[in-house]
Amino acid sequence: MTEKSGLEAVADAAKQAPGRGLPPVHLWNPEHCGDIDILIRADGVWMHEGSPIGREALVRLFSTVLRKDPDGYHLVTPVEKMKIRVEDLPFRAVAMQRDGDDLVFTTDVGDQVRAGVDDPIVVETDAVSGEPAPRVHVRRGLWARIVRSVFYDLVETADEVDGRLAVRSGGQAFDLGAVA
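Below or above, wherever it landed, is the structure these notes cover. (Residues numbered from 1 in each chain as written. Predicted model: local features only at pLDDT ≥ 70, side-chain atom pairs only at ≥ 80, totals over all residues. Heavy atoms only, no water.)

**Considerations on the layout of surface pockets**
So, point 1. Considering only enclosed or pocket space, the largest pocket measures out at about 200 Å³ in volume.
So, point 2. Secondary structure elements with two or more residues in the lining of the largest pocket: strand 11 (132–139), strand 12 (142–146) and helix 3 (148–157).
So, point 3. Looking at side-chain class alone, the lining of the largest pocket contains 7 nonpolar, no polar and 3 charged residues. (1 Å grid on protein atoms, 1.4 Å probe; cavity = no way out; pocket = protein on both sides within 12 Å on 5 of 7 lines; lining within 4 Å. Points joined across faces, edges and corners; volume = space filled by probe spheres on them. Helix = DSSP H or I, 4+ residues; strand = E, 2+ residues; numbered from the N terminus. Nonpolar A, V, L, I, M, F, W, Y, C, P; charged D, E, K, R; others polar.)

Printed below as a string of structure tokens:
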């Protein structure tokens, strides 16, 4: 029997998550096995050894075993923990829809997130450029950058409150920034 590479071992462990259910990576505490040459670029492309991972299903699989620890992002299995690099945030919110009074975001890896108290929308503004940097919490310390077109849709649904734009979802109000 041949030993599997780190990438193959992570893929095998991630396959243990039935359907879109997520494995309990927050409960696993394996030893750190080192770094693996995986980079999640700011544009959402997952790279392995300098080349894009072309199989969308494999990226989705890896996203299910992604965890953020105090020392960075890791792919975690019950027996291995391998550090990866992330340029910005690990996911991108690429679609948004209203569901009653709630806003539901879809990420580039297929997660659906209902914004609310546990999964807030946060908009920070770059001090130099003044550009907004919106994000939504996905799960356990993992965030999705809200892409520009979705942010424009979000602004269109916003109400003006005391010179600021705000949206509501999950019974919460989320500040999007000052009215221009």
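After that view of the structure, there is still more to cover.
**Observations regarding the environment of Ser129**
So, point 1. Summarising the element assignment, Ser129 is placed in the loop between strand 10 (121–125) and strand 11.
So, point 2. Using a relative accessible area of 46% as the deciding quantity, one classes Ser129 as partly exposed.
So, point 3. Of the polar contacts made by the side chain of Ser129, one reaches the backbone nitrogen of Glu131; its length is 3.1 Å. (Buried < 20%, exposed > 50% of the residue type's maximum accessible area, 1.4 Å probe, protein only. Polar contact = N/O pair within 3.5 Å; in protein donor to acceptor, adjacent residues only side chain to side chain.)

**Considerations on the side chain of Thr107**
So, point 1. Assignment of secondary structure puts Thr107 in strand 8 (residues 102–107).
So, point 2. Among the residues examined, Thr107 registers a relative accessible area of 3% and is labelled buried.
So, point 3. Setting aside chain neighbours within four positions, we find Thr107 in contact with Phe91, Arg92, Ala93, Val94, Val138 and Ala144. (Contact = heavy atoms within 4.5 Å.)

**Topic: unusual backbone geometry**
So, point 1. Phi at Arg140 is positive, roughly 35 degrees, even though this residue is not glycine.
So, point 2. Of note, Arg140 is situated in the loop between strand 11 and strand 12.
So, point 3. Taking relative accessible area as the criterion, Arg140 reaches 46% and is therefore assigned partly exposed.
So, point 4. Phi at Asp162 takes a positive value of approximately 55 degrees, unusual for a residue other than glycine.
So, point 5. Along the chain, the position of Asp162 falls in the loop between strand 13 (159–161) and strand 14 (164–169).
So, point 6. A residue is classified by how much of its surface remains accessible, and Asp162, at 78% relative accessible area, is exposed.

**Concerning the pattern of salt bridges**
So, point 1. Under the definition given, this model contains 13 salt bridges.
So, point 2. Three or more residues joined by partner-sharing salt bridges are found here, namely Arg67, Asp69 and Lys81. (Salt bridge = Lys/Arg side-chain N within 4 Å of Asp/Glu carboxyl O.)

**A closer look at the environment of Trp143**
So, point 1. Mapped onto the elements of the fold, Trp143 is located in strand 12.
So, point 2. Of the residues examined, Trp143 reaches a relative accessible area of 17% and is grouped as buried.
So, point 3. Separated by 52 residues in the primary sequence, Trp143 and Phe91 have C-alpha atoms spaced 6.3 Å apart.
So, point 4. With residues up to four places along the chain from it excluded, the contact list for Trp143 reads Leu89, Pro90, Phe91, Pro120, Val122, Arg135, Val136, His137 and Val138.

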